[in-house]
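# Fold and geometry: a report
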Amino acid sequence: MTPEPTTGAAIRFDGVGKAFAGPKGQVTALEDVSLTVQPGAVCGIIGRSGAGKSTLLRMVNGLERPTSGTVTVAGHDVGRASGSALRGIRRDVGMIFQHFNLLASRTVFGNIALPLEIAGTPSDRIRVTVNDLIARVGLEAQRDRYPAELSGGQKQRVGIARALATRPKVLLSDEATSALDPETTQTVLRLLGDINRDLGLTILLITHEMAVVRDIASHMAVIDQGRIVEAGATYDVFVRPQHPTTRSFLSGVTGVTLPQFIAGRLEQTRPDAASQEVIRVTFAGDHATDPMLARLTGQMGIDVNILAGAIEEIGPRPFGNLLISVDAMRGDDARAYLERHGLLTEVLGYVR
Amino acid sequence: MSANLISLLIEATWQTIYMVAASTVLGTILGLPLGVFLATSQRGELLSAPMVNRVLGLIVNAARSVPFIILVVAIIPFTRALVGTSIGTDAAIVPLTIAATPFIARLVENSIREVDAGLIEAARAMGATPMQIIRKVLLREALPGITLGLTLAVVSLIGYSAMVGAVGGEGLGDLGIRYGYQRFMPDVMLTVVVILIVMVQLVQSVGEWIAARVDKRAARNRGH
């Protein structure tokens, strides 16, 4: 397909709130959410189920309306648009779904053609566009097959091609890889990354998997109980997580968790008896850790136990996480020394 | 069996086919939109009109509660006003259609309600109008179910058509009653029953075949 860059559109949430009338009075799904997604960015919103991320995503194409605040896409106020104006905005916003939502009665070709038929595109143009899209997502051999005959990854490729059919400026992804196995997830994420690069469209995705954010998102926001608790460049959030929710998501993806025999004995307050302080050390960029820990021992005379560790990459930039323990009496000295050399530290607790 | 009787049987068969076909077509023309509306007009749905939905639902239930033979007699004045007579095959189509419409409407409603709500959401996200969603998504996805529903309706109408003999509706059921039962001619009765069985079998088989042809929900060998 000839990559004709469409300019991505900016998405802005401004003081957005959403309340539902529940059986026991008002239920607040979102509260005072403000977030800007720059044109061409890939923004990942992560949160537990019920945190409100799905509601937030559906406001971008008007499937949900805010009860307060405004949502704008490419300058259009989505929350107040209706009728043909809203349908016009929706053609600029493609969407892919966790369960693909393909029509069982239509072939791959027919599914991708649907948004164009809805938009009233002449059939000869539909044929050209759909064939291009089928080639882009690599489904030439499946063109005339029905969704029941496709694998999960192939179905999501159809979903992606369908979402791109009307040349949208924004692509919304609603847990698009959550129903896929890890390997297929990687190929679908790569495809989304290629599309973002080639077409320049803005991607807003929601997920509960930090790995998805790490692998594709340039920016991220963490949502908890209807509020955004942390937002920024993905690298910065990964390296310096501020909120407990972010940390708990991170511990899942970095693979850096305390060994069970230590986690089970961890105490939050420092005991009077002789004990070890457990510290998370995060190093970003080119900092090498091994010399730092060796120097900590050599220069400060502090013995270091390494409990766990891993190096991650976000885009081209590496960052690492180490869990270490030192004599609790020397904990303050050790952390001060590491901080002085540009590493981030966090006390996780104490073990006797 | 005399040649006279055989020609009577052939004529009655055609009358039954005519009555059932006409009332199926008319009942579908009326029942399909009604069923689509019932399936899409509850609160928060595509054509959200909860009051109208409830009223139409009540009327449909009421119409389906009336025993068919009572319906036939009760609407004789209406039939006469519409067709000009209350006797004969044409007149019989009126009560048959009135019985078929709410039945078909409910069958269509059920089939449409089985369409995954995610598909409606996807179509809305594409910028589809409610009418486009109904035509391109709901009706097409519900087609296998609707086909089986219509098959069921035709089979029921074949049974109902036997009862319109009560108002001179003619057809196979009428022939069976007048010759087979009242004139005690068991061979006529048997022939009528066999023709009806064959008719129902044919309708059922053709309906299932069409439904399978339009159903793409399960993977199968497509012979190429």
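In the annotation of an unreviewed UniProt entry, the entry for chain B reads D-methionine transport system permease protein, and the organism field reads Paracoccus homiensis. As its UniProt record puts it under Subcellular location (unreviewed entry), chain B is described as follows: "Cell membrane".

Chain A is annotated in an unreviewed UniProt entry as Cell division ATP-binding protein FtsE from Paracoccus homiensis. The heading Sequence similarities (unreviewed entry) in the UniProt record of chain A holds the text "Belongs to the ABC transporter superfamily." What UniProt states about chain A under its Function (unreviewed entry) heading is, verbatim, "Part of the ABC transporter FtsEX involved in cellular division. Important for assembly or stability of the septal ring."

## Here's the deal with the domain arrangement of chain A
All names here are of chain A. Domain annotation of chain A identifies domain 1 (11–92 + 168–250) and domain 2 (256–351). One C-alpha centre belongs to domain 1, the other to domain 2; they are set 34 Å apart. Contact between domain 1 and domain 2 buries roughly 880 Å² in total, counting both sides, with carbon and sulfur atoms accounting for 64%. At the surface where domain 1 touches domain 2, the tally comes to one salt bridge. A salt bridge links Arg247 to Glu346; the nearest nitrogen and oxygen atoms lie 3.6 Å apart. Summed over the shared surface of domain 1 and domain 2, the number is one residue pair in polar contact (both at pLDDT 80 or more). Considering every element that reaches the side of domain 1 that touches domain 2, the biggest residue donor is helix H8 (residues 234–239), with four residues. Residues belonging to the side of domain 1 that touches domain 2 are distributed by class as follows: three nonpolar, one polar and three charged.

## Structural notes on empty space enclosed by the protein
Under the definition given, this model contains five cavities of 30 Å³ or more. Lining the largest cavity are 13 residues, and of these Gly94, Met95 and Ala163 of chain A together with Ala125 and Met126 of chain B lie nearest its centre. Only helix H2 (83–91), strand E6 (93–97) and helix H5 (152–164) of chain A together with helix H6 (117–125) of chain B provide two or more residues apiece to the lining of the largest cavity. With four residues, E6 of chain A is the largest single contributor of residues to the lining of the largest cavity. A class-by-class count of the residues in the lining of the largest cavity yields eight nonpolar, two polar and three charged.

What counts, and at which threshold
- Residues numbered from 1 in each chain as written.
- Chains lettered and ligands numbered in written order.
- Predicted model: local features only at pLDDT ≥ 70, side-chain atom pairs only at ≥ 80, totals over all residues.
- Heavy atoms only, no water.
- UniProt positions renumbered as here; feature names shortened; annotations may be inferred.
- Domains from an automatic or database assignment.
- Buried area = accessible area lost by both parts, 1.4 Å probe.
- Salt bridge = Lys/Arg side-chain N within 4 Å of Asp/Glu carboxyl O.
- Polar contact = N/O pair within 3.5 Å; in protein donor to acceptor, adjacent residues only side chain to side chain.
- Helix = DSSP H or I, 4+ residues; strand = E, 2+ residues; numbered from the N terminus.
- Nonpolar A, V, L, I, M, F, W, Y, C, P; charged D, E, K, R; others polar.
- 1 Å grid on protein atoms, 1.4 Å probe; cavity = no way out; pocket = protein on both sides within 12 Å on 5 of 7 lines; lining within 4 Å.
- Points joined across faces, edges and corners; volume = space filled by probe spheres on them.

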